[in-house]
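# Secondary and tertiary structure notes
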Number of protein chains: 2
Amino acid sequence: MSSTRTRLSPDLRREQLLDLGLQLLSTRSLEELSIDLLAETAGISRGLLYHYFGSKQDFHLAVVRRAADEMIRVTAPRPEGAPLERLAGSLEAYVDYVLANYEGYASLVRGAASGNPALRQIYEETRTALTDRIFEASGAAGLRDLGVTDSPAVRLMARGWSAMTEEVVLEWVRGGCEVPKTELLRLLTAALPAVLSGPR
Amino acid sequence: MSSTRTRLSPDLRREQLLDLGLQLLSTRSLEELSIDLLAETAGISRGLLYHYFGSKQDFHLAVVRRAADEMIRVTAPRPEGAPLERLAGSLEAYVDYVLANYEGYASLVRGAASGNPALRQIYEETRTALTDRIFEASGAAGLRDLGVTDSPAVRLMARGWSAMTEEVVLEWVRGGCEVPKTELLRLLTAALPAVLSGPR
């Protein structure tokens, strides 16, 4: 037997299917993303998909894990610039990500909050990764520029700022983006030093 | 037949059972609050409870509705005082409520986020009632005192401040109340004008 078609290794094939799942998730909730839908779109059998992913839940977790990695990647702050400029750039990438992937992202936030432990863990890790940037990527010098010293109260308020940002951006999209995007970004960026400079 | 025992009307009896459900919910999640548990604690039959509440879901909704009303009631701002003082008083009542009812409150937030439509509606109504106070109870004069003019952007950020407050207080309790309560209250109170005065 010989074939001129490119044969992908199982790992690569799995990666490709995950990318397809991610694409389907951008305009669908997690509940709407079924093995059947993926099989149909990919043009392969359900049996083969179960071979790659084990179960629907494992498939969902793999897609969500990839979505989280993708969000962390696209929102990575640029290496240079003043702390607030870098934050503003990262925030704009986050808003664009939510705009482009609203259905899937909103369903991840819901799924995590519902108490599904595996989803919850991915969500918490992602939020921690995004929030910790405030302390790590910009570094202690960045915090000093904001007039802030790291403390448990500052960590708590940074987590609060993340929750505020998530809620404001989701609500902004739900409401049809009435406030201009530049204004939204300016408000959320300005809120961080305002909120973090409270602790004394 | 005669009896010296006080006979309660069905409505009053139902109210009493709801109060008992609310009490049980303070140290339990909604998932842990079963008809069986209520029947055992109240010393009446499961059949009678189904007579009063129809189904477990109806019972849960009635208890959650009562919990929401209770939270709105205990956090009502005092009628007098400067806007920020009234807000601080209301916020302290909210923190005390979450401290006293952590399990049930956290499970309501989770349940609402999970997409259960009836829970979601109660949760949204409650959050709206609490957030609208910023605009109604303190009134336009109160907003002016904070240097704020009502606008879609201000409404969006007020909603964000509510989400921040919920997250910060839940995380504060989860983490063992490391930051002193007075400091927590001061930070959240100061954050409101800081966040709302952004829009221009």
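Relevant structure appears above.
These lines cover the structure that appears in this document, whether it is placed above or below. (Residues numbered from 1 in each chain as written. Chains lettered and ligands numbered in written order. Predicted model: local features only at pLDDT ≥ 70, side-chain atom pairs only at ≥ 80, totals over all residues. Heavy atoms only, no water.)

### Quick word on the overall build of chain A
When helices and strands are tallied, chain A shows ten helices and zero strands. Mapped in sequence order, the helices and strands of chain A form the string α-α-α-α-α-α-α-α-α-α. With the C-alpha coordinates of chain A rotated into their principal frame, the extents come out at 70 × 35 × 30 Å. Evaluated residue by residue, chain A yields a buried proportion of 48% over its 200 residues. Partitioning the contacts of chain A with sequence separation of at least 6, the portion at a separation of at least 24 is 68%. Counting only carbon and sulfur atoms, one obtains 51% of the accessible surface of chain A, whose full area is about 9900 Å². If the 23 positive side-chain charges of chain A are averaged to one point and the 26 negative ones to another, these points end up 3 Å apart. (Helix = DSSP H or I, 4+ residues; strand = E, 2+ residues; numbered from the N terminus. Buried < 20%, exposed > 50% of the residue type's maximum accessible area, 1.4 Å probe, protein only. Contact = heavy atoms within 4.5 Å. Areas by Shrake-Rupley, 256 points an atom, 1.4 Å probe, with all protein chains shown as cover. Lys, Arg positive; Asp, Glu negative; His and termini not counted. Charge placed at Lys NZ, Arg CZ, Asp CG, Glu CD.)

### A short note on the relation of the copies chain A and chain B
Expressed as a screw operation, the relation of chain A to chain B combines 0.0 Å of axial shift with a rotation of 180°, fitting to an RMSD of 0.0 Å. Given the turn and translation reported, the copies of this chain are related as if by a two-fold rotation axis. Both copies present the same face, since 100% of the interface residues in chain A are matched by interface residues at the equivalent positions in chain B. (Least-squares fit on C-alpha atoms with pLDDT ≥ 70 in both.)

### Focus: helix H3 (residues 46-53) of chain A
Side chains that are three or four residues apart share a direction in an α-helix, a result of its 3.6 residues per turn. For H3 of chain A, the set of buried residues is Leu49, Tyr52 and Phe53 of chain A. For H3 of chain A, the buried positions fall inside an angular range of 80° around the axis, keeping them on one side. (Arc of directions from axis to C-beta.)

### Concerning unusual backbone geometry
Most peptide bonds take the trans form, and the phi angle of most residues other than glycine is negative. Residues and elements named next belong to chain A. Of note in this structure, cysteine 177 is not a glycine but carries a positive phi near 55°. With respect to the helices, strands and loops of the structure, cysteine 177 is situated in the loop between helix H9 (152-174) and helix H10 (181-196). You can call cysteine 177 partly exposed: its relative accessible area is 27%.

### A short note on the nonpolar core
Counting residues in hydrophobic clusters, the biggest one holds 126 residues, and the most contacted among them are Phe53 and Leu196 of chain A together with Phe53 and Leu196 of chain B. Among residues more than four places away in sequence, those in contact with phenylalanine 53 of chain B are Arg14, Leu17, Leu18, Leu38, Asp58, Phe59 and Ala62 of chain B. (Core = buried A, V, L, I, M, F, W, Y, C linked by side-chain atoms within 4.5 Å.)

### Quick notes on the pattern of salt bridges
Residues and elements named next belong to chain A. For the coordinates displayed, the defined rule picks out 36 salt bridges over all chains. Between glutamate 15 and arginine 66 there is a salt bridge, with the nearest N and O atoms lying 2.2 Å from each other. Pair noted here: glutamate 15 is in helix H1 (residues 10-26) and arginine 66 is in helix H4 (residues 56-74), with a separation of 51 residues, a long-range link. Here arginine 66 falls in the buried class, since its relative accessible area comes to 18%. Here aspartate 132 makes a salt bridge to arginine 155, at a shortest N to O gap of 3.8 Å. Taken together, the residues span a long stretch of sequence, with aspartate 132 in helix H7 (residues 117-135) and arginine 155 in helix H9 at a distance of 23 residues. (Salt bridge = Lys/Arg side-chain N within 4 Å of Asp/Glu carboxyl O.)

### Some details on the packing of helix H5 (residues 83-100) of chain A against H9 of chain A
All names here are of chain A. Close contact between H5 and H9 brings their axes to 10 Å; oriented N to C, the two are set at 45°. By the angle class used here, H5 and H9 are oblique. Every pair of crossing elements has a handedness; the one defined by H5 and H9 is right-handed. Two secondary-structure elements touch here, H5 through Leu87, Leu91, Tyr94, Val95, Val98 and Leu99 and H9 through Trp161, Thr165, Glu166, Val169, Leu170, Trp172 and Val173. Along the lines of polarity and charge, the residues of the contact of H5 with H9 split into eleven nonpolar, one polar and one charged. (Axes fitted to C-alpha atoms, helices over the stretch in contact; angles between N-to-C directions. Parallel < 35°, antiparallel > 145°, perpendicular 65-115°, else oblique. Left-handed = near helix turned anticlockwise from the far one by under 90°. Nonpolar A, V, L, I, M, F, W, Y, C, P; charged D, E, K, R; others polar.)

### Observations regarding the interface of chain A and chain B
In this assembly, 32 residues from chain A lie in contact with 32 residues from chain B. Interface area for chain A against chain B, summed over the two sides, is near 2700 Å², with a carbon-plus-sulfur share of 71%. When the buried area of chain A at its contact with chain B is split by residue, Leu156, Met157 and Leu187 of chain A rank highest and sum to 20% of it. Taken together, the links from chain A to chain B amount to six salt bridges. Residue glutamate 171 of chain B pairs with arginine 159 of chain A through a salt bridge whose shortest N-O separation is 3.4 Å. Applying the counting criterion to the chain A and chain B interface returns six residue pairs in polar contact (both at pLDDT 80 or more). The set of elements that each furnish at least two residues to the side of chain A that touches chain B consists of helix H6 (102-113), H9 and H10 of chain A. At 14 residues, the largest contribution of residues to the side of chain A that touches chain B is made by H9 of chain A. (Buried area = accessible area lost by both parts, 1.4 Å probe. Polar contact = N/O pair within 3.5 Å; in protein donor to acceptor, adjacent residues only side chain to side chain.)

### Description of the environment of glutamate 103 of chain B
Residues and elements named next belong to chain B. Tracing the sequence through the fold places glutamate 103 in helix H6 (residues 102-113). Overall, glutamate 103 belongs to the partly exposed group, its relative accessible area being 35%. A sequence separation of 75 residues divides glutamate 103 from arginine 28, and the C-alpha atoms of the two residues are 5.0 Å apart. Dropping the residues within four chain positions of it, glutamate 103 is found in contact with Leu25, Ser26, Thr27, Arg28 and Ser29.

### What to know about the side chain of arginine 66 of chain A
One polar contact links arginine 66 of chain A to glutamate 15 of chain A, side chain to side chain, over a distance of 2.2 Å. If near-sequence neighbours (up to four positions away) are discounted, arginine 66 of chain A is found in contact with Glu15, Leu18, Asp19 and Leu22 of chain A.

### Here we look at the packing of aromatic side chains
Considering all chains together, one arrives at six aromatic pairs over all chains under this definition. Centre to centre, the rings of phenylalanine 53 of chain A and phenylalanine 59 of chain A are 5.2 Å apart; their planes meet at 50°, and the pair counts as tilted. We note that phenylalanine 53 of chain A, like phenylalanine 59 of chain A, is buried. Where tyrosine 94 of chain B meets tyrosine 105 of chain B, the ring centres are 6.0 Å apart and the plane angle is 85°; that geometry is what we call edge-to-face. Here tyrosine 94 of chain B is found in helix H5 (residues 83-100), whereas its partner tyrosine 105 of chain B is found in helix H6, with eleven residues between them in sequence. Counting every residue linked through ring pairs, the aromatic cluster contains Tyr94, Tyr97 and Tyr105 of chain A. (Phe/Tyr/Trp six-rings, centres within 6.5 Å; stacked < 30°, edge-to-face > 60°.)

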